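What the coordinates show
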Amino acid sequence: MKYFVHISLCLWLLLLILPGTSGASESIYDQKSARPLTPAEAAMFGPQAGKYRYDNRMIRAAQIAQSRAKAHSTSCCWRYVKTALLAAGVVDSYPKTAYAKQAAKELPQSYGFKKLSIRDPNRAPVGSVLVYGGNDAGHVEIRTARGYVSDFSSPTPYARPLIGVYVKPQT
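Topic: the side chain of Ser150
Counting through the fold element by element, Ser150 comes out in the loop between β6 (148-149) and β7 (153-154). A residue is classified by how much of its surface remains accessible, and Ser150, at 2% relative accessible area, is buried. Within the local environment of Ser150, its side chain forms a polar contact with the side chain of Asp151, the two groups lying 3.0 Å apart. Not counting the four nearest positions on each side in its chain, Ser150 is found in contact with Cys77, Tyr80, Val81, His139, Val140 and Glu141.

Focus on the state of the cysteines
Two cysteines, two sulfur atoms, one covalent bond between them: this is a disulfide. As enumerated under the stated definition, the model contains zero disulfides in all. With no disulfide partner, Cys76 has as its closest neighbouring cysteine sulfur the one in Cys77, 8.0 Å distant.

Brief notes about the pairing of strand β4 (residues 129-132)
Of the two faces of β4, the one lined by Val129 and Val131 and the one lined by Leu130 and Tyr132 are each fully buried. Pairing of β4 with strand β5 (residues 139-143), which is carried by four bridges, proceeds in the antiparallel orientation. Considered in β5, the bridge of Leu130 is made with Glu141. Between β4 and β5, which pair antiparallel one after the other, the connecting turn spans six residues, and Gly134 there sits at a positive phi close to 140°. Two strands pair when backbone bridges link them, and β4 and strand β8 (residues 162-167) are joined in this way by four bridges, in the antiparallel orientation. Bridge pairing in β8 links Val129 to Tyr166.

Focus on the sheet that holds β6
Sheet architecture is open: six strands sit in the order β3-β8-β4-β5-β6-β7, paired in antiparallel fashion. Both edges of this open sheet fall to β3 (114-116) and β7, since each of them pairs with a single strand only.

Focus: the environment of Lys96
Secondary-structure assignment places Lys96 in the loop between α4 (77-87) and α5 (103-111). By relative accessible area, Lys96 is classed as exposed at 69%. In this structure, the C-alpha to C-alpha distance between Lys96 and Lys82, residues 14 residues apart in sequence, is 9.3 Å.

Parameters and conventions
Residues numbered from 1 in each chain as written. Predicted model: local features only at pLDDT ≥ 70, side-chain atom pairs only at ≥ 80, totals over all residues. Heavy atoms only, no water. Helix = DSSP H or I, 4+ residues; strand = E, 2+ residues; numbered from the N terminus. Buried < 20%, exposed > 50% of the residue type's maximum accessible area, 1.4 Å probe, protein only. Polar contact = N/O pair within 3.5 Å; in protein donor to acceptor, adjacent residues only side chain to side chain. Contact = heavy atoms within 4.5 Å. Disulfide = S-S within 2.5 Å. Pairing = 2+ DSSP bridges.

Structure representation (structure tokens):
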């Protein structure tokens, strides 16, 4: 389970930047630094990994994410998403807000994310950040090819009111 959690996060990070994926024209994919995976890295990314070239930042993010995996929620979803975004170079500084639901304002205002007009988490593109509300801190997770990931992995979206689905346009 620990391996799957971080591989899911890695897939999100990779698919955010891969050509031919949802929002690829708005991704941060850098063709100049993209490269094929080594056999050891390909094993980490799965059987379809050989089809793509990967940005070095995303490979590093995958390694970081794998080393931090938890089997169950630690109630630190926003912290895990923030560190993944920062480690991958998607954001240039550590987001400052404390609560997950505050990501709905901080990501677009401070980091250039764009809110998509999607209301169903199951329709969110792979690589998007989903922010949920509620009476407490809320929840934030990343859409992956196999489900959703933050400080833990789940095949289904979180059961809370969806505030928004966010992607990072190319800068």
